[in-house]
Structures are given as structure tokens and as C-alpha cells.
Amino acid sequence: MKVLKFGGSSVGHPDRIRGIVAILKRYYAAGDHFTVVFSAFGGVTDQLIEMGQLAAQGNDRYGQLFAEFSDRHQSAITALLGGTSGYNETSQQLRRSHEVLKNLLYGIFLVREASPRTMDYVLSFGERSSAYIISQALQQAGIPTEFLDARRVIKTDKTFGNAKVNFEKSYQKIKEHFTQHPKVQVVTGFIASAKGGLTTTLGRGGSDYTASLLAAGLDATAIEIWTDVNGVLTADPRRVKKAFTIPTMTYAEAMEMSHFGAKVIYPPTLMPALQRHIPLYIKNTFAPEFEGTKVSEKGNPEGAAVRGISSINNVALCTVSGTGMFGVPGIAARIFGALAAAGINIILITQGSSEHAISFAIQPAAAEEAKRAVEEAFAFEIERGVVNAVKVERELSVVAIIGENMRYQPGISGRLFRALGQNGINAIAIAQGSSELNVSVVIAKEDETKALNALHESFFLSDYKTLHLFIVGVGLIGGTLIEQIRKQNGYLRERRGMEVKVVGLANSKKMVFDGEGIELKDWKNLLHTAQTPVDLAVFVGRMRDLNLSNSIFVDNTADSEIAAFYETILDESISISTPNKIATSSSYLQYQRLKYIADKRGVQFRYETNVGAGLPVISTLRDLIDSGDRIAKIEGVLSGSLSYIFNTFKGERSFATVVAEAKDKGFTEPDPRIDLSGKDVARKIVILARETGVALDAEQVKIEGFLPEGAMDVGSVEDFLRVLEYNEDYFTQLHRRAAQDGRVLRMVATLEGERATIGVQAIGPDNPFYTLSGSDNMIVFTTDRYHSRPLVVRGPGAGAEVTAAGVFAEIIQIGNFS
């Protein structure tokens, strides 16, 4: 014998009920022996509660809800039984039953009271109606069925609303009834009866309990709970999109999952099954071929250490502390005795080894009563100042990792706290039972979804990671980066176990967000048609509010206003990758502050592309220093734009034309004066100096300019290019003098000790800078180890492709770090 139970979502409307009929016909045709338990139609229990409350308040709107309730059931009868021999009888029987409910509600309306006893009777009409209709539909489908009102076989005390079952009497009644009734029994879930035939209910979710009680009474071979998901999942799929079905789990694991909010299982359901060693299957009504989850007493010692991750959405944390608690026996007993006397249920308890404080998590609604009860119990100690007033913290959640095999595998807690820490999630309180079945952490409520995803990724997708990018600046570099991500995402998923999702985009006018990931094939159109005007403060606030795990902010601009938000972004535990040099070359104090905040928050602040576009300049320098080498001198052609300009300008075309061409190709900054003045190079040598530990500011760099006097004083970029054109003879002579000596022009930056200089030099063939071509950069490191033959890094130092590739590489590195 199997006991099957179908929940409210499974019987939400006639089409779904037809699906259930099809499932049961297959069971019957296969020769299975089964009984079926049904919940009320989806939403009906809440509707009945509202009817009773409105009637008790004297609000005649309850009549409208009753009419909707009755019409819905009559419509279901028409849809399922219309044109059959059972239609009239079923319809008339339901009308008679609903007339009783109507009179009951009217009575409540007259006396303005709905006691728990009365409300249990009101609620019983939900399951009685649904089960009766479905029993008739099954009969018409050829399955010999009988309707069984569970009040006849399940007996309880008179704790209305959450009655306690008399197991011995119920099991006896169940066996007697099923012995005398060989047809398939269609049973009402949720309801039972007390002495005198009074209707009781088993609590919300009690239909599962009904099924479990029937199975225990019948010594069934299995219980099947049919719902709207594919079994018990590793996490809540509404919050963790990559959650998947747990094929098998133990009763203990299932109990823990249900305690911490897994709604698929109702906790008391498991007890009768556990006592009778009956396996429980959680299956999906809408995917009946899917095997779902099997819950039994046998675990798999070779299975995963963590079986699932769950959470309780909203809790309050109360803390009792004080010097008067240390070493005093009976403190815990007094605290929890006071709470028990006040009828307050405790979700979680934690105590430090110092015995200075005890914290416990409870439902927020009970927080003030808990504070009052405990302070009353410790009134004497509080008055003497040896115990503090109870501290209450709200807006918290509990997340828990659950699994029987955790006890066999070291390092589980370490992985948990690493995953939380790397995503900027603070653990407020921690609890772990001696059975090591779960580790629970109290966190800020706003971090709950982020924590669930971070932990799920760490424990179930350790070989797979999702990065969430917020990109500002979609011009040459930004647009190229997005295209590179689009093309490479498939490879990263398949070969590197990494998915890069762009969830926020902004240009100079608009911004767009999609927490599930922006479709990169259509990003230009999505941004163009976006309705939200760009606002950097709002953009940063949206990043914070989305609170996604593995978040990375990418700044592809040269905008100082955007760089001003870096501190806020890092402080929100969001990593940064940027080719924008402004933040790293601004005041040394600010540079130190950004680095400190990144370290403090455990996030990455990456700016490799600040100096050499896609070249590994900063990382090479760090490796030299970290491995103990001493930097004697750094020399570099650090401007790819100036390399391009000097390599292209040969006197055949005007200097102004070559500069304009470099600007159009994206080699220079939007304002090429920044490049030609040496300011951009100065920023780069400042950044390199700081990486070596030299506290250098841009004002301390000596720049020997090469532009004609007054060239930098004009207003616009167009005026500047006209000035260059006007001074063409000057640039031609500059080039000719160098060429006559067999030399080439290069702007060279030098850092030696704490002194940094920049200037245009005529370089001969004996200098490594002589051979540079195109937009190549070259950085020469002279160190203790690389003294006679310095270490050289060379390659393209400008251009959208290489710069975007450098940023992309940093994004992947950040992902690997986190």
C-alpha cells in the first residue's frame, strides 16, 4: 500500500486535477494499491480564514467571498464531471455542504466572534469539498473510489488550530476502516476530530501529516508527497536559480531542512514515517516522470557533506550578557525557563565559551515579550549591574548548511565562513549542534539571498561560479569588452566553470539593470531604449540593493566623478576592475585608503590596465617585490598613444593629422592634450612608484614638455589640433633633427629611487626603446636580480582590443580569487 498526497498547488484548477487523474490511472493500471489525500484547492484555506475574520468583524463582504468560493467549486464540478452521470449528485451534495458553511458564517456574523473551535470547522470545508469532487472525478475515470472524511479515522485532543493526535486510537480506526473498505480511499487532508465529533485541524501543512498518519496506520510501503517542485532542492529555487533536486536524504536531514524554512516538507509529517521506517518520496505533479527526492532512514556515507542550504527569513536576536553570568550555574535554565513560561519558541541558541553572554533567535513578534520575560527573571542582577538589559537585534535572518556527512569531513565551517567573508557578509551569531548535522549563522536580513547563493556556489557548484558585472562606460573599450565577454562566455562555462553575467550597464545618458543578466546580443538596443537616466549615486545604490554574490564594478571611463565612488563601492564588498587611472594616481592618501578598504572588505581592487593596457606590468612588478627583489630603476615608454604618434609621424603627414588619427583609433584619451602634455604618463609612473612603496604624488613628477609655448592654453580639443597644425614646422624640425642623427623620438618616464622624470628623448639604436613600433609600450625593470640584463615587458600599450582584454583578464582573476 502506498499513500499519495496532492497539495493545493497540484489541485489549483480543473486542468491540474485532470493531470492527477491521469497519474492515478497509471498507478491503478499498474496494479498498485494506494490511497490518496488531497488538500483544499490552492488559495481556498486563506479564503476561508478571511471569510471567518470578516464575518467576526461584522463585515458583510464575507458573503461575496463565500459566493466566489461556492462558484469556484461548482465550476470545477462542471469542468470535471459535466455531461457525466455523477454531475448532478456531486453538484447537489456540494450545494448542501456549502449551505451549512453559509449558515455557519452567518452565525459568526451575528455573534461577532470566531473561536478557534469554530474556525477549525470553517476550514474543514476546503478539504471536504476538494476531496469529494476529485473522488467523483476518479470514479468517472474508471477508478473505484470512496470519499473518506478523515474526521472518521484521525482522532485528536481539543487543541483547536493545531491539534495533538491520539496515535493509538487513530491507527486502530485507520486499520478498521481500510479493512472494511477495499476501494481506493480519497481522503481529506488537514482535518481530524476530537471527542464528541468536534472538528479539529492539524496545523498549516497538515495534509502531509494526514498522509503520514495513514501510512503509519496501514504499514504502507511508501508515502508520496506530490507538489509543484521536483522534490527537495538544495536551496530555495526562488532565491537560488541554480538549485537542484537532492536525490536522497535522511529523515534527520529533512527535519533540519524543514525547520530552516524548506516549505516542501511539513515537520510533523516525518515523525510517523520515521517511527515506522517508511520511506517518503517528494514528487512533482507537473513532471510525474521525474524521480524527485527519497527521504529514508539510510544515509550515504560516501555522499556530499552538505545536502542542502536553507534559511529562516526574519528573526530577532536577543542577547543576555554581563559579568554576573560567568561561572554561575543555572543561568541558562533561568533564561529558557522564563521564555518557556511566556510560551516563546526558540529557533537558535549560541553561547561563547567565556559564559559572558547567551544569544537566542526568536520570531520578531515575540521579541518584546522575550525581553520582558528575561529581564523580569533577572531583575535583581540587572538592578545590581551584573547583568545587562536584554539586547534585541532585528532585521536578521538565519542561514544554515545541513548534512549528516559534515561530521566526517573537516573544513566545512571554514568554507562556509570564507564564502560569506568574500562576499562581505558578516556573521552576527553562529551555532552548531554536537551532532554536526547543521551549522547555522545569523546574518543581516538584507544579505540573505546573497548568502544563500554564495554558499550554494561554494558547496554545490565549487567547480562553477557566476560573476555579476556592473559596467559603466560602453564606448570603445567598454563596447569591446562586452563583445569579448559575449564571445567567450561559452568557453568559460564549459572549460573554466565560470559564467560572466552583465547585470548593470550605464553610458553617459542612461542605465539599465537585469539581475538575471542582460542579453549581450542586444545590449546596445536595451541601453538605447532604457527609460532610466544615468545617475551614478543611483547606479551604486542599485548595485548595493541587488546584493548579488561575486559582484564586480567595471569602470571603462576616464571620469573623475565615477572614480569618486570607488570608496563606497569597495566598502559594499564589491570588487573593482578599471583602466581609469584617476583614483590610483590621485592623492597618495586616497590611494592608500582605497587599498586599505579593499583589504578590509576582502575584495579586489584591480587596475593593471592603468599602466600598460593589456600588458602585465603591475603584476610583474608586484611579483618581483613579493619574491624579495629590490627595484633599482624603472624606465618606460608608457604611452601607447605617443608611441603610435612618434612612430607614425615621419614628416609625410602633419603632426596634427597623426594626433587626430590616434584619437579616432582610441589610442589617446578623449582629450589628447592629456597624453601630449605628459600628464597621462605622469599618472602611470606615479602608479608604478606607489607599487614599489614610494609615496609619490603627480605634482612631484618632473615633466619636460615638448609642445610649443601656449599650445596647452587653448579651450577645446579642436582648437588644440589647430594650434598643432599652425606649428607644423616646429614638429617637422623636431623629427628631422632626430632622424639626421639616426635616432627616433620617444617620451621616456624614469623612476630611480624616489625621483621620477618624464621627457621626450632622441633614442639611438643601442637603446631598447629604439625598436618600438606601432602603439607598443616597453617597460624596463632594473633590479638586484635583473641588473646586467634588465627585465623587459613589451607589447601594444593602447587600443580598445588590448585594453578590454586586460580588463577581461582581471575580471576572470577576481572570479578565481573569490
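In short, a report on the structure.

Rules behind the numbers
- Residues numbered from 1 in each chain as written.
- Predicted model: local features only at pLDDT ≥ 70, side-chain atom pairs only at ≥ 80, totals over all residues.
- Heavy atoms only, no water.
- Phe/Tyr/Trp six-rings, centres within 6.5 Å; stacked < 30°, edge-to-face > 60°.
- Helix = DSSP H or I, 4+ residues; strand = E, 2+ residues; numbered from the N terminus.
- Buried < 20%, exposed > 50% of the residue type's maximum accessible area, 1.4 Å probe, protein only.
- Expected span 1.5 Å × (residues − 1).
- Arc of directions from axis to C-beta.
- Contact = heavy atoms within 4.5 Å.
- Pairing = 2+ DSSP bridges.
- Axes fitted to C-alpha atoms, helices over the stretch in contact; angles between N-to-C directions.
- Patch = residues over 30% accessible without salt bridge, like charges linked within 9 Å, V, L, I, M, F, W, Y side chains within 5 Å.
- Areas by Shrake-Rupley, 256 points an atom, 1.4 Å probe, with all protein chains shown as cover.
- Salt bridge = Lys/Arg side-chain N within 4 Å of Asp/Glu carboxyl O.
- Parallel < 35°, antiparallel > 145°, perpendicular 65-115°, else oblique.
- Nonpolar A, V, L, I, M, F, W, Y, C, P; charged D, E, K, R; others polar.
- Lys, Arg positive; Asp, Glu negative; His and termini not counted.
- Polar contact = N/O pair within 3.5 Å; in protein donor to acceptor, adjacent residues only side chain to side chain.
- Left-handed = near helix turned anticlockwise from the far one by under 90°.

### A few points about the packing of aromatic side chains
Turning to step 1, where the next piece is worked out: In this structure the tally under the stated criterion is 25 aromatic pairs.
Turning to step 2, where the next piece is worked out: Ring centres 5.0 Å apart and planes at 40 degrees place the aromatic pair Phe513 and Phe539 in the tilted group. Placement of Phe513 in strand E19 (residues 510-513) and of Phe539 in helix H17 (residues 536-546) is noted, with a sequence separation of 26 residues between them.
Turning to step 3, where the next piece is worked out: Measuring from centroid to centroid gives 6.0 Å for Tyr566 and Phe605, while their planes differ by 70 degrees, and the two rings are edge-to-face. Note that Tyr566 is positioned in helix H19 (residues 566-571) and Phe605 in strand E23 (residues 605-606), a separation of 39 residues in sequence. Phe605 matches Tyr566 in its accessibility class, with the two residues each being buried.
Turning to step 4, where the next piece is worked out: What links up through ring pairs into an aromatic cluster is the set Phe470, Phe513, Phe539, Phe553, Tyr566, Phe605 and Tyr607.

### Some remarks on helix H6 (residues 167-180)
Turning to step 1, where the next piece is worked out: Across its 14 residues, H6 extends 20 Å between first and last C-alpha, which sits within 8% of the 20 Å expected from 1.5 Å per residue.
Turning to step 2, where the next piece is worked out: Those residues of H6 that fall on the buried side of the exposure criterion are Ser170, Tyr171, Ile174, His177 and Phe178. Down the axis of H6, the buried set is contained in an arc of 135 degrees. They therefore lie on one face. Exposed side chains of H6 directed beyond 90 degrees from the buried face belong to Glu168, Thr179 and Gln180.
Turning to step 3, where the next piece is worked out: For H6, the elements touching its buried residues are strand E2 (34-38), strand E3 (145-148), strand E4 (184-188), helix H7 (206-218) and helix H9 (270-276).

### Observations regarding the sheet that holds E4
Turning to step 1, where the next piece is worked out: Ordered by their spatial adjacency, eight strands build an open sheet running E3-E4-E2-E1-E7-E9-E10-E8, and the pairing between neighbours is mixed. Two strands bound the open sheet, and with one partner strand each, they are E3 and strand E8 (248-250). Ignoring which end each strand starts from, the neighbouring axes of this sheet average 20 degrees apart.
Turning to step 2, where the next piece is worked out: With three bridges connecting them, E8 and strand E10 (residues 293-296) associate as parallel partners. Opposite Met249, over in E10, you have Val295 as the bridge partner.

### So, the pairing of E10
Turning to step 1, where the next piece is worked out: By the bridge criterion, three bridges tie strand E9 (residues 280-284) to E10 in an arrangement that is antiparallel. Along E10, the bridge assignment pairs Ile282 with Thr293.

### Description of a nonpolar patch on the surface
Turning to step 1, where the next piece is worked out: Together, Tyr106, Leu110 and Val111 give the surface a local cluster of nonpolar side chains, amounting to about 320 Å² of exposed area.
Turning to step 2, where the next piece is worked out: Structurally, the position occupied by Tyr106 is in helix H4 (residues 87-111).
Turning to step 3, where the next piece is worked out: For Tyr106, a relative accessible area of 44% translates into the label partly exposed.

### Points about the packing of H4 against helix H5 (residues 116-140)
Turning to step 1, where the next piece is worked out: Look at H4 against H5: their axes get within 11 Å of each other, and the N-to-C directions meet at 170 degrees. The pairing of H4 with H5 is recorded here as roughly antiparallel in orientation. On H5, the residues that touch Glu89, Thr90, Gln93, Leu94, Ser97, His98, Val100, Leu101, Leu104, Leu105 and Ile108 of H4 are Thr118, Tyr121, Val122, Phe125, Arg128, Ser129, Tyr132, Ile133 and Gln136.
Turning to step 2, where the next piece is worked out: When grouped by side-chain class, the residues that make up the contact of H4 with H5 number eleven nonpolar, seven polar and two charged.

### Regarding the sheet that holds strand E27 (residues 755-763)
Turning to step 1, where the next piece is worked out: If you walk across this open sheet you meet the six strands as E25-E27-E26-E24-E28-E29, and the pairing is mixed. Of all the strands in the sheet, the pair left with one neighbour each is strand E25 (702-704) and strand E29 (791-796). For this sheet, the mean angle separating the axes of adjacent strands, direction not counted, is 15 degrees.
Turning to step 2, where the next piece is worked out: Across four bridges, the pairing between strand E24 (residues 631-637) and strand E26 (residues 744-752) is antiparallel. Its bridge partner being in E26, Ile634 is matched across the sheet by Leu751.

### Section: the side chain of Glu608
Turning to step 1, where the next piece is worked out: With respect to the helices and strands, Glu608 occurs in the loop between E23 and helix H22 (609-612).
Turning to step 2, where the next piece is worked out: Within the buried core, Glu608 has no salt-bridge partner, and the shortest N-O distance to an opposite charge, that of Arg622, equals 6.1 Å.
Turning to step 3, where the next piece is worked out: There is a polar contact of 2.6 Å between the side chain of Glu608 and the backbone nitrogen of Ile618.
Turning to step 4, where the next piece is worked out: With residues up to four places along the chain from it excluded, the contact list for Glu608 reads Ala613, Leu615, Pro616, Val617, Ile618, Ser619 and Glu810.

### Brief notes about unusual backbone geometry
Turning to step 1, where the next piece is worked out: The phi torsion at Phe190 lies on the positive side, around 80 degrees, for a residue other than glycine.
Turning to step 2, where the next piece is worked out: Topologically, Phe190 is positioned in the loop between E4 and strand E5 (191-193).
Turning to step 3, where the next piece is worked out: For Asn550, which is not a glycine, the phi torsion comes out positive at approximately 50 degrees.
Turning to step 4, where the next piece is worked out: Along the chain, the position of Asn550 falls in the loop between H17 and strand E21 (551-555).
Turning to step 5, where the next piece is worked out: On the basis of relative accessibility, which here comes to 6%, the residue Asn550 falls in the buried class.

### Let's talk about helix H25 (residues 655-664)
Turning to step 1, where the next piece is worked out: Of all the positions in H25, only Phe655, Ala656, Val658, Val659 and Ala662 are classed as buried. All buried residues of H25 project into a common sector of 160 degrees when viewed along the axis, lining one side.
Turning to step 2, where the next piece is worked out: Each element contacted by the buried residues of H25 is listed here: helix H24 (640-648), helix H26 (673-676), helix H28 (717-726) and helix H29 (728-740).

### Some words on the packing of helix H15 (residues 476-496) against helix H30 (residues 800-817)
Turning to step 1, where the next piece is worked out: Between H15 and H30, the least distance of the axes is 8 Å, while the angle of their chain directions is 50 degrees. Here H15 is positioned oblique relative to H30, judged by the angle of their axes. Both H15 and H30 take part in a crossing whose hand is right-handed. Contact with H15, carried on its side by Leu476, Ile477, Thr480, Leu481, Gln484, Ile485, Gln488 and Leu492, involves Ala800, Glu801, Thr803, Ala804, Ala805, Val807, Phe808, Ile811 and Ile812 of H30 and no other residues of that element.
Turning to step 2, where the next piece is worked out: Here the residues of the contact of H15 with H30 are counted per class, giving twelve nonpolar, four polar and one charged.

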